[in-house]
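# Per-entry structural report
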Amino acid sequence: MAIEIILIMIAAGLIIGFVGAGGSGFIISILTVLFGFPIHVALGTALASMLFSSFSGAVSHYREGNVTMRAGLIIGVFGAVGAFISSHFSGIIPEDILNYLTAGMLVLSGVVLCIRLLLMGKPADKENTLRAFIYKNNVVYFIVAALLGILTGALSGLFGIGSAPFIQIGLLILLGLSAQQSAGTTMMIIIPIALAGGVGYAQLGFLDIKLLLEVVAGTMIGSYIGAKFTKRVRPVYLKTAMVLLPIFAGFLLLSA
């Protein structure tokens, strides 16, 4: 089964690297639905694997000029704090309930991102004014980025997802990054979140090392290659992929 897992994770990594998402929810769905792993083990293993695949994708995005360091560092550090604390609460949630909660969060993240990217059109003048105020005021910028990190990190730790869509929404709306910049910066942010969340799940005994190595072997290869295509396609295709990936993963998980 190891070969099958690696090959499927290479394919998943291609999508993850292109979208700029940590892809933890997508991997959770694959592990539970296709390979039958318990949801808690899938959550811990998938989140920890994002440390490696996101690093691979982040390096590729950085070389492509898609990473905004200031946002990435602040959100990443505070996201790690949120992920570590909330991961310890995941173990007390019953497996069947956690399955539905994780699936619901994935679908919700896709729907929210869809509303923002596909239905709202161009940002309003008030939104541009808010972005400009945040960007020019260092203290406000730090506070907004820190709160975004804590919130998205907590979601990652509790539900085992990378919460990439929520991070991307914050980067797009609050900090004014482009779709390409939000994709690359998100992969950088997920690195510390995945590390802290993975440590939390390991302390609870929900981290399968053998499975982790198989997942990492596939996703690192795929995500590095997939990141090469982010700046080479029209933004509309990238935005569509950002929306569809978590929704697909959520419905796949519900079918388990």
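Look above for the structure.
From a predicted model like this one, the values you see are computed outputs, not experimental measurements.

## A short note on the overall build of the chain
- Each helix and strand in the chain was counted, giving 11 helices and 0 strands.
- Reading the chain from its N end, one meets helices and strands in the order α-α-α-α-α-α-α-α-α-α-α.
- Per-residue burial over the chain gives 55% buried out of 256 residues.
- Sequence-distant contacts in the chain: of pairs separated by 6 or more residues, those separated by 24 or more amount to 83%.
- Put simply, the chain shows about 10,600 Å² of open surface, and 74% of that area lies on carbon and sulfur atoms.

## What to know about the pattern of salt bridges
- Enumeration over the complete set of coordinates arrives at 1 salt bridge.
- Between Lys 210 and Glu 214 there is a salt bridge, with the nearest N and O atoms lying 2.6 Å from each other. You can see Lys 210 and its partner Glu 214 sitting in helix α10 (residues 209-227), 4 residues apart, about one turn around the helix.
- Residue Lys 210 is classed as exposed on the basis of its relative accessible area of 55%.

## Let's talk about the environment of Ile 225
- Inspection of the secondary structure puts Ile 225 in helix α10.
- In this structure the C-alpha to C-alpha distance between Ile 225 and Gly 13, which are 212 residues apart in sequence, comes to 8.3 Å.

## Digging into a nonpolar patch on the surface
- Together, Val 81, Phe 84, Ile 85, Phe 89, Ile 92, Leu 195 and Val 199 give the surface a local cluster of nonpolar side chains, amounting to about 650 Å² of exposed area.
- Taken together, the elements giving at least two residues each to the nonpolar patch come down to α4 (69-90) and α9 (179-203).
- Among the elements that line the nonpolar patch, the one with the most residues is α4, at 4 residues.
- Locating Phe 84 in the fold gives a position in helix α4.

## With respect to the packing of α4 against helix α7 (residues 138-159)
- Where α4 contacts α7, the axes come no closer than 6 Å and their chain directions differ by 35°. Helix-helix and strand crossings are classified by hand; for α4 and α7 the assignment is right-handed. Between α4 and α7, the residues in contact are Arg 70, Ala 71, Ile 74, Ile 75, Phe 78, Gly 79, Gly 82, Ala 83, Ser 86, Ser 87, Phe 89 and Ser 90 and Asn 138, Tyr 141, Phe 142, Ala 145, Ala 146, Leu 148, Gly 149, Ile 150, Gly 153, Ala 154, Gly 157 and Leu 158, respectively.

What counts, and where the lines are drawn
- Residues numbered from 1 in each chain as written.
- Predicted model: local features only at pLDDT ≥ 70, side-chain atom pairs only at ≥ 80, totals over all residues.
- Heavy atoms only, no water.
- Helix = DSSP H or I, 4+ residues; strand = E, 2+ residues; numbered from the N terminus.
- Buried < 20%, exposed > 50% of the residue type's maximum accessible area, 1.4 Å probe, protein only.
- Contact = heavy atoms within 4.5 Å.
- Areas by Shrake-Rupley, 256 points an atom, 1.4 Å probe, with all protein chains shown as cover.
- Salt bridge = Lys/Arg side-chain N within 4 Å of Asp/Glu carboxyl O.
- Patch = residues over 30% accessible without salt bridge, like charges linked within 9 Å, V, L, I, M, F, W, Y side chains within 5 Å.
- Axes fitted to C-alpha atoms, helices over the stretch in contact; angles between N-to-C directions.
- Left-handed = near helix turned anticlockwise from the far one by under 90°.

Distances and angles like these do not, on their own, reveal function.
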